[in-house]
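Listed here are the chains, written in short residue letters.
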Amino acid sequence: MTKQPSPTANQMWGGRFAAGPDAIMEAINASISFDQRLYAQDIRGSRAHAAMLAAQGIISDNDAKAIGEGLLTVLSEIEAGDFPFQTALEDIHMNVESRLKQIIGEPAGRLHTARSRNDQVATDFRLWVRDQADAAITGLDALIRVALDQAEKGADWVMPGFTHLQTAQPVTWGHHMMAYVEMFGRDLSRFQDARKRMNESPLGAAALAGTGFAIDREATAQALGFDRPMANSLDAVSDRDFALEFLSSAAICAVHLSRLAEELVIWSSAQFRFVTMSDRFSTGSSIMPQKKNPDAAELIRAKIGRILGAAVALFVVMKGLPLAYSKDMQEDKEQVFDAADNLMLAVAAMTGMLADLSANKDRLEAAAGSGFSTATDLADWLVREAGLPFRDAHHATGALVAMAEQAGVDLPELTLQQMQSVNPAITEDVFKVLGVHNSVASRMSYGGTAPAQVRAQIARWKEKLA
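By the naming in an unreviewed UniProt entry, the protein chain is Argininosuccinate lyase, taken from Paracoccus shanxieyensis. Check the Catalytic activity (unreviewed entry) section of the UniProt entry for the protein chain; it says "2-(N(omega)-L-arginino)succinate = fumarate + L-arginine". Under Pathway (unreviewed entry), UniProt gives the following word-for-word description of the protein chain: "Amino-acid biosynthesis; L-arginine biosynthesis; L-arginine from L-ornithine and carbamoyl phosphate: step 3/3."

Right, here's the structure in full:
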């Protein structure tokens, strides 16, 4: 006697299985709790696939029309919050298809012709990540523009430049801001490059080997905004390098955001007072009424942990998988979703903070001359004007710094006689290079901190963004 399938048998797996899945298996196997975020991409891909099937004569025009209209109904239900997601249906693909069948009946069963969930999910996920790359590009463009505004405002404001968080040489506020413009500009270009590489369509690769149906992969690729179909069906369904590249770009960007956030935390402290953060991006203390905490900057600083962790997690998932698809790859989405959410939140928060940020020009200038910041200018002067080899000039300058430190004064406050006691070739002209404004103005090499160079770089970036 032939055993009849259980009424609880999974309708998606068909007649191969007599019994439905155990509750634990159902829980570990289901992804609908998170992959429902792909609903718009899933419906868009299905509508393109149905239209292509009709154009190729694989399904009728009437069926394709019913499928297309039914999918729009499903879309409206999800967006209205009226869609009954079911864990038993595992994922967004089967939830959408099951609801489509309830709406239009038998034609819904033809939608999956010449398609597998493998190429379906690869297409959905690639579309979603592409959308996130676009969002990152837009967000970074806005952040760069805000940083440019800060740079232009303080193109000639002097401040201390640091190495090892110790005063090194004077720079300008504009120059410091432009360093982040360059970093965020490279981040933007990484997302742009990644987008170009990911813009190929997996749809039509089917389970792993392609399909015997006379499909038109160029048509579905074009309908979904891809440049071309992917050239190898095994590769199309089994690789997630587009997601890894997105996460890698996101992690590098998060590092840059974290470094700027760290500086804002330091600069806004009472010990520095270089900047004032707006109330919109600060919080108070429950016990200390004087506190104004840079919590937004601190949270941005922490986001790198989550984003880098997501990248590492997906690298580990993918590192040992044989071709083609394995269920391990269901673990490819949650960390990408989380990383994308946190990256965009961090970019938006940093854009808001920089837009509201007030730099303390007077405090920056006062700090710029501290810590013997023009010592290198003195050494350079000894090379240029006194003809000393740089190592000798370096030694003489070190002796003068020690003399000033012992006297409790800065280099410009030493007398000419004191300087000549170290090297008699020093003249009154040396004092022209010891002021911080003279120092920064002299740094006219390409990419230097001179205000003229800073303004030239600002103009270049404005033209680039335009």
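Read on for the rest.
A. Layout of the packing of aromatic side chains. A full pass over the atoms with the stated rule returns ten aromatic pairs. Taking 4.7 Å as the distance between ring centres and 65° as the angle between the ring planes, the aromatic pair formed by Trp128 and Phe337 counts as edge-to-face. One end of the pair, Trp128, is in helix H6 (residues 117–153); the other, Phe337, is in helix H12 (residues 334–356), with 209 residues separating them in the sequence. The exposure class of Trp128 is buried, given its relative accessible area of 5%. Looking at Phe337, the relative accessible area reads 4%, which means it is buried. Ring geometry for Trp267 and Phe274: centres 6.4 Å apart, planes at 45°, overall tilted. Three or more aromatic residues joined by ring pairs make a cluster, and in this case those are Phe162, Trp173, Trp267, Phe272 and Phe274. When the ring centre of Phe125 is taken as reference, the NZ or CZ atom of Lys333 above it lies at 5.5 Å.

B. Fine view of the domain arrangement of the protein chain. The domains assigned to the protein chain are domain 1 (23–110), domain 2 (117–213 + 231–366) and domain 3 (369–465). One C-alpha centre belongs to domain 1, the other to domain 2; they are set 33 Å apart. At the interface, 19 residues of domain 1 touch 17 residues of domain 2. Carbon and sulfur atoms make up 56% of the area that domain 1 and domain 2 hide from each other, which totals about 1600 Å². At the junction of domain 1 and domain 2, the tally comes to three salt bridges. Of the charged contacts, one joins Arg37 and Asp341 as a salt bridge, the two residues approaching to 2.8 Å between their closest N and O atoms. In this assembly, domain 1 and domain 2 are joined by six residue pairs in polar contact (both at pLDDT 80 or more). Mapped onto the side of domain 1 that touches domain 2, the elements with two or more residues apiece are helix H1 (23–29), helix H2 (32–35), helix H3 (39–55) and helix H5 (92–104). At six residues, H3 tops the list of elements feeding residues into the side of domain 1 that touches domain 2.

C. Looking closely at the pattern of salt bridges. Going through the model one piece at a time under the given rule, you end up with 22 salt bridges. Glu90 is the salt-bridge partner of Arg117, the closest N and O atoms lying 3.2 Å from each other. Linking Arg117 in helix H6 with Glu90 in the loop between helix H4 (61–79) and H5, this pair joins segments that are 27 residues apart in sequence. Judged by its relative accessible area of 5%, Glu90 is buried. Across the pair Asp380 and Arg443 runs a salt bridge, and its minimum N-O distance is 3.7 Å. Of this pair, Asp380 sits in helix H14 (residues 375–386) while Arg443 sits in the loop between helix H18 (436–442) and helix H19 (451–465); the two residues are 63 residues apart in sequence, bridging distant segments of the chain. The network of salt bridges with shared partners includes Asp63, Glu106 and Arg110.

D. Broad picture of H19. With 15 residues, H19 should reach 21 Å at 1.5 Å per residue; the first-to-last C-alpha distance of 21 Å fits that figure. Those residues of H19 not exposed but buried are Pro451, Gln453, Val454, Gln457, Ile458, Trp461 and Leu465. The buried residues of H19 all sit within an arc of 160° when viewed along its axis, so they share a single face. Along its buried surface, H19 packs onto H6, strand E2 (166–172), helix H7 (173–198) and H18.

Criteria and thresholds
- Residues numbered from 1 in each chain as written.
- Predicted model: local features only at pLDDT ≥ 70, side-chain atom pairs only at ≥ 80, totals over all residues.
- Heavy atoms only, no water.
- UniProt positions renumbered as here; feature names shortened; annotations may be inferred.
- Phe/Tyr/Trp six-rings, centres within 6.5 Å; stacked < 30°, edge-to-face > 60°.
- Helix = DSSP H or I, 4+ residues; strand = E, 2+ residues; numbered from the N terminus.
- Buried < 20%, exposed > 50% of the residue type's maximum accessible area, 1.4 Å probe, protein only.
- Lys NZ or Arg CZ within 6 Å of the ring centre and 35° of its normal.
- Domains from an automatic or database assignment.
- Contact = heavy atoms within 4.5 Å.
- Buried area = accessible area lost by both parts, 1.4 Å probe.
- Salt bridge = Lys/Arg side-chain N within 4 Å of Asp/Glu carboxyl O.
- Polar contact = N/O pair within 3.5 Å; in protein donor to acceptor, adjacent residues only side chain to side chain.
- Expected span 1.5 Å × (residues − 1).
- Arc of directions from axis to C-beta.

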